[in-house]
Amino acid sequence: MARRKKDIEEKKNNPLADNVHIKGAGLIQDEVITDTLTSNFMPYAMSIIMSRALPEIDGLKPSHRKLLYTMYLMGLLQGGTVKSANIVGRTMQLNPHGDAAIYETMVRLSRGNESLLYPFVESKGNFGKAYSKNMMYAASRYTEAKLAPICHELFDDIKLDTVDFVDNYDNTMKEPTLLPVTFPSILCNVTTGIAAGMASSIASFNLKEICETTIALMKNPDHIVSDTLVAPDFVGGGYILYDKDELEKIYNTGKGSVKVRAKYTYDKKYNCIDITKIPPTTTSEAVIDKIIELVKSNKIKEINDIRDETDLSGLRITIDLKRGIDPDSFMNKLYKITPLQDSFSCNFNVLIKGRPMVLGVKSILLEWIDFRLECIRRRITFNLDKKRKQLHLLKGLSKILLDIDKAIKIVRETESESEVVPNLMIGFGIDETQAEYVAEIKLRHLNREYILKRIKDIEQLENDIQELEDILSSKNKMKKIIIKELQDVVKKYDNGRKSEVLYDVSEEAVADVVEVQDYPVTLFLSAEGYLKKIKTANLRMSGEQKVKEGDEIISETECSNKDELLFFTNQNQVYKSRVDDFIDTKASVLGEYIPSKLEMADGEQVAYMALIKEYKGYMIFVFENGKLAKVDITAYQTKTNRKKLINAYSNKSPLAQAIYIEEDTDIVICSSSGRMLLLNTAGVLPKTTKDTQGIACMKLKKTHKITSLHLYKEGEFEKAWRFRAKNLPAAGALPSETDIAEQLTF
């Protein structure tokens, strides 16, 4: 009791008393951040590299292997399908990462989802489609699955000690570290994964071509891969644009890209294009959304309608064409500006004996050959040991044949069961294993006929053992076994190429065919950032320009539809666009909201719109602190189609006004004190640095700031010399009543 009171008192005095048994509990210690990252992050990074994201030489990630092995243990190589939920639940014995992740893995491995060129799971029910993000798979309680016939090539050797087994996560069962695949499955299905600091993206190849290449490499290690391996082959089909240099790069280094193009047919009767195959890197929704976006932006004007007609028969995107449109030329245009032609990036990062390595196709196949040779060696060793044991037992049985009556007499006259085996060993000169085998023979089998039938196998076993030993001692003979297995795989599962290879595709065929029409338009910009583009010819019939309540038109500019626009924002950025990017509209609509159209950040608004016919002239910026910056307009010219440039002007002081001038001219700067300064921009040196702070141009008192800037109009001031600065900075002058009256008339 006294001890209990003492503990309570100690807890009152020391809040950390409960943690005193933990070393360092409750204490704050200084640690070097690099040491903390090393000790905490590195184990996690190694885990996702080694046990999650990267495939191994059997072509499978751990999650795939655990699922397929569970289905194998459930007997799903034969018979009918079972509920997917049942498979998912059983798989959690090996993969404790949650049922959703396991089911998604099964979906991707299934035939119904069409993700893999050679699927490992036969599916029943809705497993979604890889080419459509809207066609989602049904819940696991509704679908059924079993292993596909090709999985015989994964599991037929697994019971012959061909691969190592390890304990599962809770040490209740064993699982294989690899599957003894009889063909290079790692290159027959698309595999992608992202680990920590590295990623993997493996293209799929045709099974027949891969097997023939592997056979050729076993016969000649110097075989040129491209002689037998034409190009990748994708489950979605389509056209592969043949690029010998790029393919050789992939074959040799494991890095590169493959251009894949959609396949289409033209229906002359209905004047429509049916797209039936698309690249593996996109979806039907992405293609349709992109085409709709281009139609809205006036870059595509050749179509009347587009719709998704995908059904149980497969993918189909239908495009209705306008009259007189050449379908082939139009598709060449779509290949350039939509995902209907895309590149599959290759990064053949594979785990080889526990080490991530980026290898070319040839190196991967050579590694697979070594792996398969080891599987064959272990299989032969397993069968050899089994036959040796069987031969050893039959040789013991053959000695019993010499005197069956003696064996029966020994068993009958032995007093205790434990002495039967030792007495048989003494009586016939056999070892304990042989004696155990003889002792276990049923009484009905202790006849001459049975024993003679059994020992006839001795000669066959001796021949088999000699043959297996010969194979085991010869690498070439083991290679012949692998070659025979590869040939059998091709006979069973080859179903031809899905992706057609196009050899003669000139770059001109996919040249930029987007032509911007040249016609006069008038732009109307409102204070709140709405822009309207109206054909100048239609302005005569237009009424008053519609704006939101409280908004007003601040700029009206005539230009060409081919001109460029620079939108400078209040966050020191500039967004580049073309006049053609905005749709033709009319006076009765609000127009397009620029921050939304150009995907500006929250709170970002247009501060000034510059119309650029050609990159000649200067941007003039005046800041509230009295400084002026003159930036050569070529600083905003880019060779690539960049849409946004940061640091478009200085952020040292708030921007008062910006203006674009094609050549040096007179400008008027106004301050909050009412003073105005007239100067010619030729007196200011231009800068090529966009965010230059500029020079001091106007002297200001502490409570005043620059408010605006505008181009000088001849006759704006009665005595212009009063406002013109001889040297900068200058204070400017206050306008007279006559000047104010003149300005009000402009």
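Cut-offs and rules
- For every chain, the first residue of its written sequence is number 1, and the numbers climb from 1 along that sequence.
- With pLDDT at 70 or above as the cut-off, local features in this predicted model cover only qualifying residues; side-chain atom pairs require 80 or more to be listed or tallied, and sums for whole chains, interfaces and linings still use all residues.
- Each side-chain value is worked out from all heavy atoms of the structure, with water and hydrogens disregarded.
- We call Phe, Tyr and Trp rings a pair once their centres come within 6.5 Å, taking the six-membered ring for Trp, and we label the pair stacked below 30 degrees between planes, edge-to-face above 60, and tilted otherwise.
- Helix and strand assignments come from DSSP, with helices taken as H or I runs of at least 4 residues and strands as E runs of at least 2, each series counted from the N terminus.
- Working definition: with a 1.4 Å probe on protein chains only, accessible area under 20% of the residue-type maximum means buried, over 50% means exposed, and in between means partly exposed.
- Definition used: whenever NZ (Lys) or CZ (Arg) falls within 6 Å of the ring centre and also within 35 degrees of the ring normal, the charge is taken to sit over that ring.
- Pairing between strands is defined by DSSP: at least two bridges between the two strands are required.
- For this text, the term disulfide refers to a pair of cysteine sulfurs within 2.5 Å.
- In what follows, a contact means two residues having at least one pair of non-hydrogen atoms within 4.5 Å.
- Side-chain atoms within 4.5 Å link the members of a nonpolar core, which is a set of buried Ala, Val, Leu, Ile, Met, Phe, Trp, Tyr and Cys residues.
- All axes here are fitted lines through C-alpha atoms, helices being fitted over the stretch that makes contact, and every angle between N-to-C directions spans 0 to 180 degrees.
- Any angle that is under 35 degrees is reported as roughly parallel, and any over 145 degrees as roughly antiparallel; angles of 65 to 115 degrees are reported as roughly perpendicular and all others as oblique.
- By the convention adopted, Pro, Cys, Tyr, Trp, Phe, Met, Ile, Leu, Val and Ala count as nonpolar, Lys, Arg, Asp and Glu as charged, and the other residues, Gly among them, as polar.
- Any pair of N or O atoms that falls within 3.5 Å is considered a polar contact. Within protein, one atom must be able to donate a hydrogen and the other to accept it, and sequence-neighbouring residues count only if both atoms are side-chain atoms.
- We call a crossing left-handed when the near helix sits turned anticlockwise from the far one by less than a right angle, and right-handed when that turn is clockwise.
- Every patch collects residues that have over 30% relative accessible area and no salt bridge, joining them within 9 Å if they carry like charges and within 5 Å if they are nonpolar side chains (Val, Leu, Ile, Met, Phe, Trp, Tyr).
- Every accessible area reported is derived by Shrake-Rupley at a probe size of 1.4 Å, with residue values counting cover from the shown protein chains alone.
- What counts as a salt bridge is simple: a side-chain nitrogen of Lys or Arg found within 4 Å of a carboxyl oxygen of Asp or Glu.
- By definition, pLDDT measures how confident the predictor is in each residue, and it falls between 0 and 100.

## As for the packing of aromatic side chains
For the structure on display, the rule yields 16 aromatic pairs. Taken together, a centroid distance of 5.0 Å and an interplanar angle of 40° make the contact between Y530 and Y593 tilted. Placement of Y530 in strand β19 (residues 530-535) and of Y593 in strand β23 (residues 592-593) is noted, with a sequence separation of 63 residues between them. By relative accessible area, Y530 is classed as buried at 16%. By the ring-pair criterion, three or more aromatic residues cluster together here, those being Y69, Y72, F155 and F165. We note K263 situated over the ring of Y239; from NZ or CZ to the ring centre the distance is 5.2 Å. If you follow R722 out to its NZ or CZ, it ends over the ring of F723, 5.1 Å from the centre.

## Here's the deal with the sheet that holds strand β2 (residues 121-124)
The three strands are arranged β1-β3-β2 in an open sheet whose pairing can be described as antiparallel. For this open sheet the edge positions go to β1 (82-83) and β2, each flanked by a neighbour on one side alone. Bridge count for β1 against strand β3 (residues 144-147) is two bridges, and the pairing is antiparallel. Residue K83 lies in a different strand from β3, and its bridge partner there is E144.

## Quick look at the pairing of strand β6 (residues 191-194)
Residues of β6 alternate between two faces, with T191 and G193 buried on one and T192 and I194 left unburied on the opposite face. As defined by bridge partners, β6 adjoins strand β7 (residues 199-202) across four bridges and the pair is classed as antiparallel. Residue pairing for β7: I194 is matched across the bridge by A199. Between the antiparallel neighbours β6 and β7 lie four residues, among them G197 with a positive phi of about 80°.

## Description of the pairing of strand β11 (residues 272-277)
Strand direction decides the pairing type here: strand β10 (residues 263-267) and β11, joined by five bridges, are antiparallel. Across the sheet, the residue bridging to Y264 is I275, located in β11. In this structure, the hairpin formed by β10 and β11 is closed by a connection of four residues, where N271 is found at a positive phi of approximately 50°. Where β11 lies against strand β13 (residues 317-321), four bridges are found, and the strand directions are antiparallel.

## A few points about the state of the cysteines
In the structure shown here, the tally under the stated rule is zero disulfides. Cysteine C151 remains unbridged, with the sulfur of C188 as its closest cysteine sulfur at 13 Å. Note on C188: no disulfide assigned, nearest cysteine sulfur contributed by C211 at a separation of 6.1 Å. What makes C188 buried here is its relative accessible area of 0%.

## As for the environment of N298
Position of N298 relative to the elements: it lies in the loop between α9 (284-296) and β12 (303-308). Residue class for N298 comes out buried when judged on its relative accessible area of 19%. With 437 residues separating them in the primary sequence, N298 and P735 have C-alpha atoms 49 Å apart. Those residues within four positions of N298 in sequence are excluded, and the remaining contacts are Y519, D580 and D584.

## Things to note about the environment of V622
Among the structural elements, V622 can be located in strand β25 (residues 618-623). Setting aside its immediate chain neighbours within four residues, V622 contacts K627, L628, L655, A656, Q657, I669, I706 and L709.

## Thoughts on the nonpolar core
Ranked by internal contacts, the top residues of the largest apolar core, which has 108 residues, are F155, L187 and F348. No other element matches helix α11 (residues 361-401), which puts 16 residues into this core. Leaving out residues up to four positions away in the same chain, F348 has contacts with L187, S201, I202, A203, F205, I250, G254, M357, V358, L359, V361 and I364. If you look at the next biggest cluster of nonpolar residues, it comprises 37 residues, including I612, Y615, Y636 and M698.

## Focus on the packing of helix α7 (residues 207-219) against α11
At a minimum axis separation of 10 Å, α7 and α11 run at an interaxial angle of 75°. Taken as axis vectors, α7 and α11 run roughly perpendicular relative to one another. Residues I210, T213, T214, L217 and M218 of α7 form the contact with α11, whose own contacting residues are K362, L365, W368 and I369. Considered class by class, the residues forming the contact of α7 with α11 number six nonpolar, two polar and one charged.

## Comments concerning the side chain of S650
Relative to the helices and strands, S650 resides in the loop between β27 (644-645) and β28 (655-661). A polar contact is formed between the side chain of S650 and the backbone nitrogen of K652, at a distance of 3.2 Å. Each residue touching S650, except ones within four places of it in the same chain, is listed here: N572, F623, K690, D691, T692 and Q693.

## Comments concerning the packing of α11 against helix α15 (residues 448-455)
Two elements in contact, α11 and α15, have axes separated by 9 Å at closest approach and are oriented at 145°. Classified by chirality, the crossing of α15 by α11 is left-handed. On α15, the residues touching L394, L397, S398, I400 and L401 of α11 are R448, I451, L452, R454 and I455.

## A short note on a nonpolar patch on the surface
A cluster of nonpolar side chains, contributed by I33, L37, F41, M42, Y44 and M46, occupies part of the molecular surface with about 610 Å² of accessible area. On the secondary structure map, M42 appears in helix α2 (residues 33-53).

## Quick look at the sheet that holds strand β29 (residues 666-671)
With antiparallel pairing, the three strands of this open sheet are ordered in space as β30-β29-β32. Lying at the two open borders of the sheet, with one neighbouring strand each, are β30 (676-680) and β32 (706-711). Each neighbouring strand pair of the sheet contributes to a mean axis angle of 20°, computed without reference to strand direction. The pairing of β29 with β32 spans five bridges and is antiparallel. In the strand pairing of β32, I669 is matched with L709.

## What about the pattern of salt bridges?
The full count for this structure, using the stated rule, is 36 salt bridges. Residues R378 and D161 are paired through a salt bridge, measuring 3.1 Å at the closest nitrogen-oxygen approach. A residue pair is termed long-range when its members are at least 10 positions apart, and R378 in helix α11 and D161 in the loop between α6 (152-155) and β4 (165-167) qualify at 217 residues. A salt bridge links E309 to R316, with the nearest nitrogen and oxygen atoms 3.1 Å apart.

## A closer look at the confidence of the model for the chain
Across the chain, pLDDT averages 88, with 94% of residues at or above 70. Across the chain, the element-wise mean pLDDT spans from 54 in helix α1 (residues 2-13) up to 97 in β3.

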